[in-house]
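Tertiary structure, described
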Amino acid sequence: RNTRSARGARPGGPSQGPMLGLAVLLAWASLAAARAGGGPPSTSIFSSDEAPYRSFSAALASTELLRDDLDAEVRAAVSPLRLMLAKARGERVTDPSSALRRENPRVDEACRKYSELCKGVISDCGLSVRQFNAISAEISAAPPLRRRVLRQAFLDRVASTVTALPPPPPRPPGRGGAQE
């Protein structure tokens, strides 16, 4: 599945720093809203005894934004041909032993930054990296649970963008507003 956008993919294109910062800000703003309200920022489809799945969904939604930015940084640092070759070989760019990371310091630095940010987001969602990985393996083996987790992650992403928008301007009196 390659549905990621090509923003900043050309050499000499806009810096990815501001985009990564915005993604982190939106992700952590969503988490801060969750903490302030005593719970997750959107309606949960999980019951209270399924809290780890709820936390996993929140972390998944937030780290997906970070992954989009990592992919854009990698595309900006590597030729399309080299990237296609790495994918054909089954190289995982985030693997520290991957040839792509060993041969390109920009890719290695982007992956290190991504890893550290993900660890922080996962921790902010109340999970350890070990718990996150265990839940990931569990939902991979259970398609119905996986669908529920992905649905919740989608709701979290929508909620984080809605809460980031400014409130609409007030309606003038007598224009479809409340009765006078």
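Note: the structure precedes this text.
Residues numbered from 1 in each chain as written. Predicted model: local features only at pLDDT ≥ 70, side-chain atom pairs only at ≥ 80, totals over all residues. Heavy atoms only, no water.

1. What to know about a nonpolar patch on the surface
- Among the surface-exposed residues, I45, F154, L155 and V158 lie close enough to one another that they form a single nonpolar patch of about 310 Å² accessible area.
- Its relative accessible area of 52% is what places F154 among the exposed residues. (Patch = residues over 30% accessible without salt bridge, like charges linked within 9 Å, V, L, I, M, F, W, Y side chains within 5 Å. Areas by Shrake-Rupley, 256 points an atom, 1.4 Å probe, with all protein chains shown as cover. Salt bridge = Lys/Arg side-chain N within 4 Å of Asp/Glu carboxyl O. Buried < 20%, exposed > 50% of the residue type's maximum accessible area, 1.4 Å probe, protein only.)

2. So, the packing of helix α2 (residues 51–77) against helix α6 (residues 129–140)
- Taken N-terminus to C-terminus, the directions of α2 and α6 make an angle of 100°; their axes are 10 Å apart at the nearest point. It follows that α2 is roughly perpendicular to α6 by the angle criterion. Contact residues: α2 offers P52, Y53, F56, A59 and L60, while α6 offers F132, I135, S136, E138 and I139.
- Looking at the contact of α2 with α6, its residues break down into 8 nonpolar, 1 polar and 1 charged. (Axes fitted to C-alpha atoms, helices over the stretch in contact; angles between N-to-C directions. Helix = DSSP H or I, 4+ residues; strand = E, 2+ residues; numbered from the N terminus. Parallel < 35°, antiparallel > 145°, perpendicular 65-115°, else oblique. Contact = heavy atoms within 4.5 Å. Nonpolar A, V, L, I, M, F, W, Y, C, P; charged D, E, K, R; others polar.)

3. Some details on the nonpolar core
- Formed by 29 residues in total, the largest nonpolar core has its most connected members in V74, L100 and V107.
- Of all the secondary structure elements, the ones that give two or more residues to this core are α2, α3 (80–88), α5 (105–124), α6 and α7 (143–163).
- L100 has contacts with V74, V78, R82, L83, A86, E91, V93 and V107, leaving out every residue within four places of it along the chain. (Core = buried A, V, L, I, M, F, W, Y, C linked by side-chain atoms within 4.5 Å.)

4. Structural notes on the side chain of R54
- Among the secondary structure elements, R54 is positioned in helix α2.
- At 3.4 Å, the side chain of R54 forms a polar contact with the side chain of S44. (Polar contact = N/O pair within 3.5 Å; in protein donor to acceptor, adjacent residues only side chain to side chain.)

5. Examining the pattern of salt bridges
- Applying the stated criterion across every chain yields a total of 10 salt bridges.
- Its salt-bridge partner being R54, residue D156 comes within 2.8 Å of it at the nearest N-O pair. One end of the pair, D156, is in helix α7; the other, R54, is in helix α2, and 102 residues separate them in sequence.
- For the salt bridge of R82 with E91, the shortest nitrogen-to-oxygen distance reads 3.6 Å.
- We classify R82 as buried; its relative accessible area is 14%.
- Connected through salt bridges with shared partners, the residues R82, E91 and E103 form a single ionic network.

6. Observations concerning the packing of aromatic side chains
- Applying the stated criterion across every chain yields a total of 2 aromatic pairs.
- Ring plane angle 35° and centroid distance 6.0 Å describe the contact between F46 and Y53, whose orientation is recorded as tilted.
- Over the face of the ring belonging to Y114 we find R67, whose NZ or CZ atom lies 5.9 Å from the ring centre. (Phe/Tyr/Trp six-rings, centres within 6.5 Å; stacked < 30°, edge-to-face > 60°. Lys NZ or Arg CZ within 6 Å of the ring centre and 35° of its normal.)

7. Observations regarding the environment of R148
- Within the fold, R148 resides in helix α7.
- Once the C-alpha coordinates of R148 and S57 are considered, the two residues, 91 residues apart in sequence, prove to be 9.1 Å apart.
- R148 has contacts with I45, F46 and E50, leaving out every residue within four places of it along the chain.

8. Overview of the packing of α2 against α5
- Between α2 and α5, the shortest axis-to-axis distance is 10 Å and the interhelical angle comes to 175°. When the axis of α2 is compared with that of α5, the two are roughly antiparallel. Counting all contacts with α2, which are made through A59, S62, T63, L66, R67, L70, E73, V74, A76 and A77, the residues of α5 involved are R106, V107, A110, C111, K113, Y114, L117, C118, V121 and I122.
- Taken together, the residues that form the contact of α2 with α5 break down as 14 nonpolar, 2 polar and 4 charged.

Just distances and angles here, no functional claims.
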